[in-house]
Amino acid sequence: MSKNFETQAVRIQTERSQFSEHSTPLFLTSSFVFDDAEDMRASFAEEKQRNLYSRFSNPNTTEFVDKIVAMEGAEAGYAFATGMGAVFSTFAALLSAGDHIVSSRSVFGSTHSLFTKYLPKWNIETSYFKVNELDKVESLIQPNTKILYAESPTNPAVDILDLEALSQIAKKYNLLLVIDNCFATPYLQNPIKFGADLVIHSATKLIDGQGRVLGGVTVGKVELIKEIYLFSRNTGPAMSPFNAWVLSKSLETLAVRVDKHCENALKVAQFLEAHAAVNFVKYPFLPSHPQYEVAKKQMRLGGNIVAFEIKGGIEAGRKFLNKIKLCSLSANLGDSRTIVTHPASTTHSKLSEEDRLEVGITDGLVRSSIGLEFVDDVIKDLKQALEV
Ligand SMILES: *Cc1c(COP(=O)(O)O)cnc(C)c1O
């Protein structure tokens, strides 16, 4: 198989059936049949690699996972029902009571809840560093630290973390470096190239790309994935064959879609940066981004998320949302439809102002996920919504 991204995305396929289908069919089956007693015995003894039961594997999920593994330069992977299924199962499979995590403070909201509410139930604690304080990471490491965790770009403030720098720290202290690569997709950034041990995706976002199905995946070193697979095979967070079929089809167009998303997002970011009602814009491929050089080093393009701060704080943010006509107000991102959210009055309203500021959420911050509409139409909508 060619190593080129687009060719792998289109050509990695499950074996054809007797019907010689061109497009991979949907294998809606919970289990698989055996030829005889010996076949069944050998299959359960794992002497042969074959599908037994769709909680373990299914041709559709295998095709989806094989593509992500190839795209990320990983050795193996496992697909989950959601991105959070992937995040939780990865921690649960690899950590024991008394272990410790060091994580970037800027992580997805549910991941933060996992660290603060649920993992502590099993005596697993997390220490945090700020995105601009990588020099403090080493001081947080304890003898029981097992995992170094980060997202880049971060949700929702679009900060960038230097993956190579994190990997050097992880190697020095023998930690596993786990990266949530959701905002970048396997097309824009491959954390394994910079030293990550495991890469997690919420496939719900740009990998689906059309706001239809939920999904998640973890890929990386084979011995780590084996632990994650065995844990998941017994606990049941598997991706459904239908979602895997949809997502594998989506991957065929990932490169062309994401190229266009990034082209549109850059134009929107440039428009917003020049607008008088906007205090600042955060987009990884704008030279004004604080980690522009790092973004250029580790990403192919800047992604589709543009964060910007409207002058006038919370009230101005709410007013802006109310004036939006074409774009959607929705919690999703990475959809073909442009979506705008105002974290301070919605997803992060329960946090104190101090906690919000710590993760880069100022009162007037808007997160926009730029879609595939004709970009001038999106800009026109944002422009009229910014008028006071
Ligand atoms: C959405 C998201 C998740 C969770 O994914 P789900 O599929 O919604 O469970 C995890 N990490 C990041 C960065 C996300 O944006």
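Notes on the structure follow. (Residues numbered from 1 in each chain as written. Predicted model: local features only at pLDDT ≥ 70, side-chain atom pairs only at ≥ 80, totals over all residues. Heavy atoms only, no water.)

Things to note about the sheet that holds strand β5 (residues 176-180)
So, point 1. Spatially, seven strands are ordered β1-β7-β6-β5-β4-β2-β3 in an open sheet, and the strand pairing comes out mixed. Bordering the open sheet on either side are β1 (76-80) and β3 (125-129), each of which pairs with just one other strand. For this sheet the average axis-to-axis angle between neighbouring strands, irrespective of direction, equals 20°.
So, point 2. When strand β6 (residues 198-202) meets strand β7 (residues 216-220), the two strands line up antiparallel, connected through five bridges. Residue pairing in the sheet places L198 in a bridge with G220 of β7.
So, point 3. Those strands touched by helix α7 (residues 163-172) are β3, β4 (145-151) and β5, and its axis lies near 155° from that of β5.
So, point 4. Helix α9 (residues 222-235) rests against β1, β5, β6 and β7 of the sheet, and its axis sits at about 30° to β1. (Pairing = 2+ DSSP bridges. Helix = DSSP H or I, 4+ residues; strand = E, 2+ residues; numbered from the N terminus. Axes fitted to C-alpha atoms, helices over the stretch in contact; angles between N-to-C directions. Contact = heavy atoms within 4.5 Å.)

Focus: the pairing of β5
So, point 1. Counting buried residues in β5 gives four out of five residues, a clear majority hidden from the surface.
So, point 2. Note: β4 against β5, five bridges, orientation parallel. Bridge pairing in β5 places I147 opposite L176.
So, point 3. Remark: the β4/α7/β5 crossover connection has right-handed handedness. (Buried < 20%, exposed > 50% of the residue type's maximum accessible area, 1.4 Å probe, protein only. Right-handed = clockwise from strand over helix to strand, strands pointing away.)

What about the site of the ligand?
So, point 1. Every one of the 13 residues lining the ligand counts as a neighbour, but G83, M84, D180, T204 and K205 are closest to it.
So, point 2. One of the backbone N or O atoms of G83 is found 2.8 Å from an oxygen atom in the ligand.
So, point 3. A distance of 2.6 Å separates a nitrogen atom of the ligand from a polar side-chain atom of D180.
So, point 4. Starting from 380 Å² of accessible surface for the ligand in isolation, the protein chains cover 92%.
So, point 5. Most atoms of the ligand, that is more than half of them, are within 2 Å of grid points of the second largest pocket.
So, point 6. Partitioning the shell around the ligand into residue classes produces four nonpolar, six polar and three charged. (Near = heavy atom within 4 Å. Polar contact = N/O pair within 3.5 Å; in protein donor to acceptor, adjacent residues only side chain to side chain. Areas by Shrake-Rupley, 256 points an atom, 1.4 Å probe, with all protein chains shown as cover. 1 Å grid on protein atoms, 1.4 Å probe; cavity = no way out; pocket = protein on both sides within 12 Å on 5 of 7 lines; lining within 4 Å. Sits in = over half its atoms within 2 Å of the grid points. Nonpolar A, V, L, I, M, F, W, Y, C, P; charged D, E, K, R; others polar.)

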